[in-house]
Every structure is written in C-alpha cells, then in structure tokens.
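# Architecture and fold: a report
Given next are the chains, with one letter for each unit.
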Amino acid sequence: MNFDQLLEKANALKKERPRGRYAPSPTGPLHLGNARTALLAWLQARLMGGAFIMRNEDLDQPRVVEGSAEQIYEDLYWLELDWDEGPDVGGPVGPYNQSERTALYEEALRRLDEAGVVFRCYCSRKDVREAASAPHDDGRVIYPGTCRFLSEEEEAQVKADKPNRTPSWRYRVPARDVSLEDIIAGRYAQNLDTEVGDFPIRRADALFAYQLAVVVDDALMGVTDVVRGDDLLSSTPRQVELFEAFGFDVPRFWHVPLMCDEEGNRMSKRDGSDSLQMLREQGKTPYEVVGKLAASVGLAEPGEEISAGRLLDRLTIEEFEEALRARSPYG
C-alpha cells in the first residue's frame with residue numbers, strides 16, 4: 001500500500017480499539033531496562049483492550065547487530081509477552097521493519113518540502129559547532145539557521161564552494177511553544193526555536209532521522225498510545241510538531257521512568273547491563289524476571305514471582321498509571 005492507503009487503513013484500525021507499540025532497535029541484547037519498558041507497553045495496551053504492535057527500528061543499518069532482532073523477539077516471548085502485529089507475524093499496516101519503509105519516508109519528506117517547512121542544509125556538524133552565532137544550552141549546540149533562508153543564488157554559490165558536500169534536510173521550526181500532556185510525566189513544553197533549533201530529518205548520508213521515521217511509522221500504523229522511556233520526553237515536542245505539520249492525530253504519550261542498576265546508573269547496552277539472554281542462561285525463570293521488573297515500579301511486591309498474564313489480570317489501568325506517576329522524576 002502507498003502512503004495514503006496506509007494512513008486510511010491505520011485511521012480505520014484505531015477507531016476499532018487503542019493501539020500500542022514497542023519499537024526496539026536491534027543493536028544489541030535486550031537488557032532489563034528495555035524489558036521493563038516492553039512489559040509496561042504491553043500492559044498498557046492490554047489493560048485498555050488494545051492491539052499491541054512490534055516494530056523493528058533497524059533504520060540505522062550500520063549499527064544493527066545481526067540476529068539481534070530475532071533474539072529480542074525470543075526473549076520477549078520467553079517473558080510471555082505477545083503482539084498482534086510485527087515483523088514475525090505480519091499485519092495490516094506493514095512492513096514492520098523500518099529498513100523496508102524508506103519509500104514512505106521519502107514521500108513524507110516530499111510533502112514537507114511542498115509545504116515549505118524543510119530546507120537543504122550544507123553545514124557539517126563542525127560548521128554548526130563552530131558557528132559564532134550558535135547559542136548553547138547545557139552544552140548542546142543549537143543550529144544557528146545558516147542555510148535556513150538561502151536564496152537560489154546563495155545556494156548555488158554554496159554548492160560551488162562545497163562541490164563534494166551532500167546536503168542534509170532540516171525542519172524549519174516555528175517560533176512558538178509546543179506542549180503535550182503526558183499521561184505519566186504531566187505537562188511538558190518546549191520552545192523549539194530557542195531550545196532546539198531547526199532539526200535534521202534526513203542526514204547528509206541519506207539516512208532518515210528518528211524524529212521523522214517515528215512520526216510517520218506511528219501515524220501509518222495507527223498508534224494511539226506511545227509508552228517509552230522518559231529519556232525520550234525532551235524529543236517529543238519535535239514529534240508533536242511533525243504530527244501536526246502532516247495533519248496526523250497526535251498519540252497519547254506515556255513516558256515511563258527508566259530502570260537503573262544498583263548504583264543508580266541508567267541501564268545501557270554498552271555497559272554490559274544484565275541481558276535477558278544472560279539471565280536465562282543463569283537459570284532465572286520468566287516469573288522471577290517479570291516479578292523483579294514489576295516490583296521496580298510498584299506493580300508487584302519485592303521478591304514476588306509472577307507471570308505477565310497474572311499481572312495483567314490483577315491490575316487496572318488506574319492502578320498502572322498511579323504506580324508509574326509516583327515514580328516519575330517529572331511528577
């Protein structure tokens with residue numbers, strides 16, 4: 001199906017029931033933090049009587065670890081989590097691998113270009129970093145708008161001066177606050193112009209940025225509820241802006257607390273945080289792991305062993321929300 005057909009199908013599906021998703025990147029083993037987010041996303045969708053979608057965010061192919069996606073699915077099935085649509089089971093609004101959806105992102109970029117809200121940028125990261133006019137906020141470099149309003153003559157001159165430079169594409173942000181009411185974190189707002197700047201939606205190496213891909217995928221898969229780690233909250237106003245630029249419905253966001261190790265550090269694939277595969281090899285049962293994950297956010301008693309299905313049966317959506325809000329750093 002093409003872009004418009006997928007959007008029509010997605011809009012019809014979300015009228016039937018809520019639609020949640022889990023969208024891991026296959027760049028390494030599934031650690032406990034990833035697994036907890038998957039469990040929470042699954043619980044939210046099922047508690048609301050919704051469909052649950054698995055999406056494989058393998059767009060950045062150089063970072064993909066071969067066999068990682070399949071291992072993630074195996075680990076989640078071991079936890080007794082299931083999904084209604086996904087790369088391994090199919091579904092009505094696929095493909096569910098981002099690497100197979102490039103034509104949709106191309107069409108999305110074309111539409112933004114026609115609307116006049118994107119522009120080609122010939123600046124390298126070094127150029128942006130060294131720009132004297134680039135404001136800094138907490139160490140972040142905000143794009144200074146160098147290529148934002150290039151005339152045709154000016155762009156031609158830039159091309160002549162940088163003949164080997166392939167441009168990226170940036171979104172021209174509005175000078176306004178963009179806000180959302182997160183189910184867990186509460187109200188969150190950003191002024192994209194002063195706090196973020198014109199952000200990339202396609203890199204110079206032709207790779208589409210996460211901000212564009214996630215918006216197109218959620219809209220064209222009919223996602224109504226996004227449950228993910230609260231480390232992504234600060235990027236959400238950019239996505240809200242893109243949803244609105246396309247005329248898409250904005251989903252409900254549930255930014256859940258991140259899981260930390262015993263030293264209080266955020267779990268990461270890079271630091272060797274406990275992986276599901278390792279715990280399985282150590283002889284842990286799925287009920288021990290689910291119990292540990294649930295207890296870490298107040299959904300089970302410390303040391304309790306419980307299945308995902310049993311946890312679902314004894315919870316209400318109100319209890320789920322209350323427990324997560326109580327542990328949110330934004331609460």
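Conventions we followed
- Residues numbered from 1 in each chain as written.
- Predicted model: local features only at pLDDT ≥ 70, side-chain atom pairs only at ≥ 80, totals over all residues.
- Heavy atoms only, no water.
- Helix = DSSP H or I, 4+ residues; strand = E, 2+ residues; numbered from the N terminus.
- Buried < 20%, exposed > 50% of the residue type's maximum accessible area, 1.4 Å probe, protein only.
- Contact = heavy atoms within 4.5 Å.
- Lys, Arg positive; Asp, Glu negative; His and termini not counted.
- Charge placed at Lys NZ, Arg CZ, Asp CG, Glu CD.
- Salt bridge = Lys/Arg side-chain N within 4 Å of Asp/Glu carboxyl O.
- Phe/Tyr/Trp six-rings, centres within 6.5 Å; stacked < 30°, edge-to-face > 60°.
- Pairing = 2+ DSSP bridges.
- Axes fitted to C-alpha atoms, helices over the stretch in contact; angles between N-to-C directions.
- Parallel < 35°, antiparallel > 145°, perpendicular 65-115°, else oblique.
- Nonpolar A, V, L, I, M, F, W, Y, C, P; charged D, E, K, R; others polar.

Let us now look at the overall build of the protein chain. Counting its secondary structure elements, the protein chain contains 13 helices and eleven strands. Here the C-alpha coordinates of the protein chain stretch approximately 70 × 45 × 40 Å along the principal axes. Of all 331 residues assigned to the protein chain, the portion counted as buried reaches 52%. Counted over contacts in the protein chain with a minimum sequence separation of 6, partners at least 24 positions apart contribute 76%. Here the protein chain contributes 41 positive and 59 negative side-chain charges, whose respective centroids are spaced 3 Å apart.

Here the focus is unusual backbone geometry. Of note, the bond from glycine 94 into proline 95 is cis; its omega dihedral lies within 30 degrees of zero at 5°. You can see proline 95 is positioned in the loop between helix 3 (68-78) and helix 4 (102-114). One non-glycine residue, glutamate 80, lies in positive phi territory at about 70°. For glutamate 80, a relative accessible area of 37% translates into the label partly exposed. In the Ramachandran plot, alanine 206 falls in the positive-phi region, its phi being about 75° despite a non-glycine side chain. Inspection of the secondary structure assignment puts alanine 206 in the loop between strand 9 (199-202) and helix 8 (210-220). The class for alanine 206 is partly exposed, based on a relative accessible area of 40%.

Pairs can form between side chains of opposite charge once their charged atoms are near each other. Considering all chains together, one arrives at 26 salt bridges under this definition. One salt bridge in this structure joins aspartate 217 and arginine 101, with 2.6 Å as the shortest N-O distance. Of this pair, aspartate 217 sits in helix 8 while arginine 101 sits in the loop between helix 3 and helix 4, and the two are 116 residues apart along the sequence. Of the two residues, aspartate 217 and arginine 101, neither departs from the other in class, the shared state being buried. A network of salt bridges, in which partner residues are shared, links Arg21, Arg55, Glu57, Arg101, Asp217 and Asp218.

Attention now moves to the packing of aromatic side chains. Each aromatic ring pair is specified by the distance between its two centres and by the angle formed by the two planes. Throughout the structure, instances matching the rule amount to ten aromatic pairs. A ring pair is formed by tyrosine 171 and phenylalanine 199, whose centres lie 5.4 Å apart and whose planes are at 25°; its orientation type is stacked. Separated by 28 residues along the polypeptide, tyrosine 171 in strand 6 (residues 168-171) and phenylalanine 199 in strand 9 bring together distant segments of the chain. Pair check on accessibility: tyrosine 171 and phenylalanine 199 agree, each one buried. Ring geometry for phenylalanine 243 and phenylalanine 248: centres 6.5 Å apart, planes at 70°, overall edge-to-face.

Further remarks concern the sheet that holds strand 10 (residues 225-229). Taken in spatial order, the four strands of this open sheet run 2-1-10-11, and their pairing is parallel. In this open sheet, the two edge strands, each paired with only one partner strand, are strand 2 (51-54) and strand 11 (252-256). Here the average twist between neighbouring strands, direction ignored, is 25°. Pairing analysis gives five bridges linking strand 10 to strand 11, with the strands arranged parallel. Following the sheet pairing, aspartate 225 is matched in strand 11 by arginine 252.

So, on to the packing of helix 1 (residues 3-16) against helix 4. Viewed as axis vectors pointing N to C, helix 1 and helix 4 meet at an angle of 100°, and their least axial separation amounts to 10 Å. One element, helix 1, and the other, helix 4, form an angle in the roughly perpendicular class. Here Phe3, Asp4 and Leu6 of helix 1 come into contact with helix 4, specifically with Leu104, Glu107, Ala108 and Arg111. Partitioned by chemical class, the residues of the contact of helix 1 with helix 4 number four nonpolar, no polar and three charged.

Attention now goes to the sheet that holds strand 9. The strand order across the open sheet formed by three strands is 3-6-9, and the pairing between neighbours is antiparallel. Strands at the two margins of the open sheet, each flanked by one partner only, are strand 3 (118-121) and strand 9. Averaged over all neighbouring strand pairs, the angle between strand axes comes to 45°, with direction disregarded. Sheet topology places strand 3 next to strand 6; four bridges connect them, and they run antiparallel. Opposite cysteine 121, over in strand 6, you have serine 168 as the bridge partner. Helix 4 rests against strand 3, strand 6 and strand 9 of the sheet, and its axis sits at about 130° to strand 9.

Bringing helix 3 into the picture now. The buried fraction of helix 3 amounts to eight of the eleven residues, a majority that puts the element mostly inside the structure. Restricting attention to buried positions, one finds in helix 3 the residues Ser68, Ala69, Gln71, Ile72, Tyr73, Asp75, Leu76 and Trp78. Looking at the buried residues of helix 3, the elements they touch are strand 1 (19-22), helix 2 (32-47), strand 2, helix 10 (276-281) and helix 11 (286-295). Of the residues one or two after helix 3, glutamate 80 is the one with positive phi, at around 70°.

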